[in-house]
Amino acid sequence: GERALGMAGAFVGVSDDATAVVWNPAGLVAGGPAGMTIGWNQLQVGKSAGPIRAGARRQRASLTSLGTWPMGVSYGTVDVAEVSRSGAELGVFRLSQVGLTVLQSVMPGLVVGSTMRLMRGGQSSGLVGGPTLGDALSSARDLNVSRHTVFDLDVAAMASSPKLRIGVILKNLRSPQFDRNAETPSPLPRQARVGLALLPTDGVTLAIDVDLNTVDLTGGLRQECAIGGETALGSRLSVRSGLRWSLKGARELTGTVGASLKVRRSLWLDGHYGLARHDEAREGGVALRAGF
C-alpha cells in the first residue's frame, strides 16, 4: 500500500482503501462501497554497487486487492533475500498468498474484521556469491526453495467517529512455520499493533501507530512506532510523509514521502520513497488505486 508506506506505516487507524485487507481488515468499512489496488514495492538495505556486508537485504512485495463493505479478496507475494549476520550465507524467504476478508458490525461506529490467508511459502539458504552486494542478492534467484502450504489469519477492530478513528490488529495469529526444522523461527511472528487517526478537516489526516509487542523480524528485533500525515492539494493531488523508528533494537529513523495523482475519475496513481541513512536503506514503490 503506497499510501500506508508514504506515511511510514502509520495506517492501522487510517485504513480506508482496499489495502485495509493487510493493515486493518475492519477499515474496509471506512472507505467507499468498493475499491481496488494493484501495487509493487521494494526495500533494500545496502548499496547494490557496494561490498557484501552482513545484514544487507532486499525485499520485494506485491499486492492486488479488491475490497467492499461486506468483504474483500486479495493476492500478494513477498520475496526476501538477506546476507546472514556472519556474512557467509544468503537466506531466502518466498511467499505467495490468497486472502479472504470478512467484516461484522458490532454497534454503530465499531466494526471487527478478519483476513484469512492461504499461503504457500518456503525458506532456503546458500553461500554468498558475487563481487558486489547487488550480485549477491540477485543470486538468490538461483536458490531452490521448497514451499509448503499453511493457513493463517489476522483479526482487527476499528472504532470510528467523524474526526477520530482507532484501530487495532493482531497479525499472524498462528505464527506459521514454513521450514520442517522446528527450531527455525517463523518468518511471520505474531504481532499486535494499535493506530490512531485524526481527521481535523476534509482532506487532512494525521496518524500514529505503535507495535504492542517486540518481534524478531528480518533485520533484527523490532517494536515500531510510526507517525505520518497526508493532505489534499486540490482535487487531483495528495501528498504525504512520515517517520518510523523502533522502540527496541536499532532505533534509527526512516523518513518517507509519497504522493497520489488522480489520473481519471476514481483512479489514482500512488507512489512513495523512503530513506534511512544509518544502514543505507532505500525503499520505493508504485500502485494504481481505484475507489467507487
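Residues numbered from 1 in each chain as written. Predicted model: local features only at pLDDT ≥ 70, side-chain atom pairs only at ≥ 80, totals over all residues. Heavy atoms only, no water.

Caption draft 1: Up close: the overall build of the chain. When its secondary structure is counted, the chain shows three helices and 16 strands. At 19 Å, the chain has a C-alpha radius of gyration in line with the 19 Å of a compact globule built from 292 residues. Taking the principal axes of the C-alpha coordinates as reference, the chain spans close to 55 × 35 × 35 Å. Taking all 292 residues of the chain together, the buried fraction comes to 46%. Of the contacts made within the chain by residues no fewer than 6 positions apart, 54% connect residues no fewer than 24 positions apart. Taken as a whole, the chain presents about 13800 Å² of accessible surface, with 61% of it coming from carbon and sulfur. Positive and negative side-chain charges of the chain, numbering 31 and 23 respectively, have mean locations separated by a distance of 4 Å. (Helix = DSSP H or I, 4+ residues; strand = E, 2+ residues; numbered from the N terminus. Rg over C-alpha atoms; globule rule 2.2 N^0.38 Å. Buried < 20%, exposed > 50% of the residue type's maximum accessible area, 1.4 Å probe, protein only. Contact = heavy atoms within 4.5 Å. Areas by Shrake-Rupley, 256 points an atom, 1.4 Å probe, with all protein chains shown as cover. Lys, Arg positive; Asp, Glu negative; His and termini not counted. Charge placed at Lys NZ, Arg CZ, Asp CG, Glu CD.)

Caption draft 2: Molecular detail of the side chain of Thr101. With respect to the helices, strands and loops of the structure, Thr101 is situated in strand E4 (residues 89-107). The class of Thr101 is buried, set by a relative accessible area of 0%. Side chain to side chain, Thr101 and Thr115 meet in a polar contact 2.7 Å long. Excluding residues within four positions of it along the chain, Thr101 makes contact with Val21, Pro25, Leu28, Pro70, Met71, Gly72, Ser114 and Thr115. (Polar contact = N/O pair within 3.5 Å; in protein donor to acceptor, adjacent residues only side chain to side chain.)

Caption draft 3: Local environment of unusual backbone geometry. Non-glycine residue Ser15 carries a positive phi angle of around 25 degrees. Of note, Ser15 is situated in the loop between helix H1 (2-6) and helix H2 (20-23). Here Ser15 falls in the buried class, since its relative accessible area comes to 0%. Even without a glycine there, the phi angle at Ser266 is positive, about 70 degrees. Mapped onto the fold, Ser266 is located in the loop between strand E14 (254-264) and strand E15 (267-276). Given the relative accessible area of 21%, Ser266 is considered partly exposed.

Caption draft 4: Quick look at the pairing of strand E13 (residues 237-246). Of the two faces of E13, the one lined by Ser238, Arg240, Gly242, Arg244 and Ser246 is fully buried and the one lined by Leu237, Val239, Ser241, Leu243 and Trp245 carries no buried residue. Relative to E13, strand E12 (residues 224-232) runs antiparallel, the two sharing nine bridges. Bridge pairing in E13 places Glu230 opposite Arg240. Taking the residues that link successive antiparallel strands as the turn, the E12-E13 hairpin has four residues, and the phi of Gly234 there is positive, at about 85 degrees. Where E13 and E14 come together, eight bridges link them in antiparallel fashion. When the sheet's bridge partners are listed, Val239 is paired in E14 with Ala259. (Pairing = 2+ DSSP bridges.)

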